[in-house]
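The primary structure of each chain is shown beneath.
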Amino acid sequence: MQLTKQQVINHHLPSKTSAGTYAKAFAPSNIALCKYWGKRNVELNLPINSSLSISLANLGTTTSIQPAEYDQVFLNGERQPEQQAFATKVIEFINLFRRDLNQALRIDTHNNIPTAAGLASSASGFAALMLAINDFYQFKLPPTTLSAFARIGSGSAARSIFQGFVEWHQGSAQDGMDSYAEPLNSNWKKLNIALLKISTASKKTNSRQGMQRTVKTATLYQSWQQQATADLATIKSAIKHQDFEQLGQTAEHNALAMHATMIASWPPLLYWLPESVAAMHRVWQLRESGTPIYLTMDAGANLKLLFESQSKSTVKHHFPELNPTDIIAPFA
Ligand code: PMV
């Protein structure tokens, strides 16, 4: 029998807890170098493959929780209508942990990711919410449990509990409690990531629906797990040896292989816009002319560029649309 989210969570919460007073927490956004694509368990967001990401330092989400007269959710200072997706998701998640059912809550979420960067914020959002819940009710849960619980909100949120390079182990336990992320404790001072915005329009098919469709309909998906396993090992080795070419090549190859499985779904799932493809060609041209630069993309039209500090001025020159705040050096 499949376990529900509530059953798994209840099993790991301390029995004695009190109503909370105030809590505030921050969690970074993350960009996957080896992507998570496909679930083996939809209820618990358990992945088919392990993944590896890099957190974006101080770019992410800050969330606070405090008692209120009635439940209310704010996003960047604006009250969110109860029936709309954002408020519903936040309230549903917090209800999994709510101790005192008579205590209504006000939840405030602030994203400091450049709004024009078109970066999805569900990873940092659920991670910050989980950290704030842990403080609010004084659960004192260990980081691995916090990561596993954040995963229940959104898979990639498991990785946003930590800074730096983060590996999310796929795990094999039925309750998913061995499917959590851990930081690699490695450093890469010169590594830069640029968020190249192509479109901020919301996409028709979100990653949850996209994954399901790919797993169900793309024969090509059968090769994904094997590729992701090999890529993860190569990326870890590249990090260990600070081999940028190997890191960039593998991350780009991994992202494009993931997109190939999306395109091979039915109905086809193509997140790219003509402008995305044009930008990809610009990256490849720049690389051919000798600048070590690579790209990665998630379930959307935007690109993330990977390069080292010594290439920064060349990259800025060739991508003049990048604002200074779009370029992040997570370890600097
Ligand atoms: O956590 P979700 O359901 O938003 O899925 C994230 C999927 C990708 O961004 C495409 C890949 C990843 O590993 O972040």
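Look a little higher up for the structure.
Cut-off values and rules
Residues numbered from 1 in each chain as written. Predicted model: local features only at pLDDT ≥ 70, side-chain atom pairs only at ≥ 80, totals over all residues. Heavy atoms only, no water. Helix = DSSP H or I, 4+ residues; strand = E, 2+ residues; numbered from the N terminus. Expected span 1.5 Å × (residues − 1). Buried < 20%, exposed > 50% of the residue type's maximum accessible area, 1.4 Å probe, protein only. Contact = heavy atoms within 4.5 Å. Phe/Tyr/Trp six-rings, centres within 6.5 Å; stacked < 30°, edge-to-face > 60°. Lys NZ or Arg CZ within 6 Å of the ring centre and 35° of its normal. Salt bridge = Lys/Arg side-chain N within 4 Å of Asp/Glu carboxyl O. Pairing = 2+ DSSP bridges. Near = heavy atom within 4 Å. Polar contact = N/O pair within 3.5 Å; in protein donor to acceptor, adjacent residues only side chain to side chain. Areas by Shrake-Rupley, 256 points an atom, 1.4 Å probe, with all protein chains shown as cover. Core = buried A, V, L, I, M, F, W, Y, C linked by side-chain atoms within 4.5 Å.

How would you sum up helix 3 (residues 122-136)? Please name residues and give values.
Relative to the 21 Å expected for 15 residues at 1.5 Å per residue, helix 3 spans 20 Å between its end C-alpha atoms, a close match to the ideal helical length. Burial within helix 3 is extensive, with 12 of its 15 residues counted as buried. Lining the buried residues of helix 3 we find strand 1 (23-34), strand 4 (51-68), helix 2 (85-95), strand 7 (104-111) and helix 4 (143-153). Where helix 3 ends, the next residue or the one after it, Gln 138, has phi of about 50 degrees, a positive value.

I'd love a proper account of the packing of aromatic side chains, names of residues and values included.
On inspection of all chains with the given rule, the structure shows 10 aromatic pairs. On the basis of an interplanar angle of 55 degrees and a centroid distance of 5.6 Å, the ring pair of Phe 97 and Phe 149 is categorised as tilted. One end of the pair, Phe 97, is in the loop between helix 2 and strand 7; the other, Phe 149, is in helix 4, with 52 residues separating them in the sequence. A relative accessible area of 0% means that Phe 149 is categorised as buried. On the basis of an interplanar angle of 80 degrees and a centroid distance of 5.0 Å, the ring pair of Phe 136 and Tyr 137 is categorised as edge-to-face. The exposure class assigned to Phe 136 is buried, which follows from its relative accessible area of 3%. A relative accessible area of 2% places Tyr 137 in the buried class. An aromatic cluster is defined as three or more aromatic residues linked by ring pairs; in this entry it consists of Phe 165, Trp 188, Phe 244, Tyr 294 and Phe 331. A cation over an aromatic ring shows up here: Arg 106 above the ring of Phe 74, its NZ or CZ 3.8 Å from the ring centre.

Let's hear about the pattern of salt bridges: which residues, and what values?
Within the structure shown, the criterion is met by 7 salt bridges. A salt bridge links Lys 35 to Asp 298, with the nearest nitrogen and oxygen atoms 2.7 Å apart. Of this pair, Lys 35 sits in the loop between strand 1 and strand 2 (39-41) while Asp 298 is found in the loop between strand 11 (294-296) and strand 12 (303-308), placing the two residues 263 residues apart along the sequence. Classification of Asp 298 as partly exposed rests on a relative accessible area of 23%. One salt bridge connects Arg 106 with Asp 108, and the closest N-O pair in it is separated by 2.6 Å. Residue classification places Arg 106 among the partly exposed residues on the basis of a relative accessible area of 26%. One continuous salt-bridge network, built from bridges that share partners, spans Lys 35, Asp 298 and Lys 304.

Could you give me a rundown of the sheet that holds strand 12, with the residues and numbers involved?
With antiparallel pairing, the 4 strands of this open sheet are ordered in space as 11-12-10-13. Across the chains shown, the open sheet's two edge strands, defined by having one partner strand only, are strand 11 and strand 13 (327-328). Pairing between strand 10 (residues 191-196) and strand 13: 2 bridges, direction antiparallel. Looking at the pairing, Ala 194 lines up with Ile 327 of strand 13.

Talk me through the pairing of strand 5 (residues 72-75); I want residue IDs and the actual numbers.
Each regular strand displays side chains that alternate between the two surfaces of the sheet. Bridging between strand 5 and strand 7 involves 4 bridges; their strand directions are parallel. If you follow Gln 72 over to strand 7, its bridge partner there is Arg 106. Following strand 5, the chain reverses through 2 residues before pairing antiparallel with strand 6 (residues 78-79); Asn 76 in that reversal takes a positive phi of roughly 50 degrees.

Could you give an account of the site of the ligand, naming the residues involved and the relevant values?
In the vicinity of the ligand lie 14 residues, with Tyr 36, Ser 154, Ser 156, Arg 159 and Ser 207 positioned nearest. Contact between the ligand and Ser 154: an oxygen atom at 3.0 Å from a side-chain N or O atom of the residue. Ser 207 has a polar side-chain atom sitting 3.0 Å from an oxygen atom of the ligand. In isolation the ligand exposes 390 Å². Once the protein is present, 89% of that is buried.

I'd like a description of the environment of Gln 163, backed by residues and values.
Looking at the element boundaries, Gln 163 is found in the loop between helix 4 and strand 8 (165-168). Between the C-alpha atoms of Gln 163 and Leu 96, which are 67 residues apart in sequence, the distance is 26 Å. If sequence neighbours within four positions are ignored, Gln 163 has contacts with Phe 26, Pro 28, Ser 55, Leu 56, Ala 57 and Pro 183. A polar atom in the side chain of Gln 163 sits 2.9 Å from the backbone oxygen of Ala 57.

Any details on the environment of Tyr 221? Residues and values, ideally.
Topologically, Tyr 221 is positioned in the loop between helix 5 (207-217) and helix 6 (224-241). Residues Tyr 221 and Met 258, 37 residues apart in the sequence, show an inter-C-alpha distance of 8.4 Å.

Before we move on, can you summarise the side chain of Thr 109 with the specific residues and values?
Note that Thr 109 resides in strand 7. The buried category is assigned to Thr 109, whose relative accessible area is 6%.

Break down the nonpolar core for me, citing the residues and quoting the values.
By size, the foremost hydrophobic cluster in this structure holds 83 residues, and its most contacted members are Phe 97 and Ile 133. The dominant element in this core, judged by the number of residues it contributes, is helix 3, at 9 residues. Excluding residues that lie within four positions of it along the chain, Ile 133 makes contacts with Ile 65, Phe 93, Ile 94, Phe 97 and Phe 139. Counting 17 residues, the second largest nonpolar core, distinct from the first, contains Leu 196, Ala 279, Leu 303 and Val 315.

These results come straight from atomic positions and should not be treated as a statement about function.
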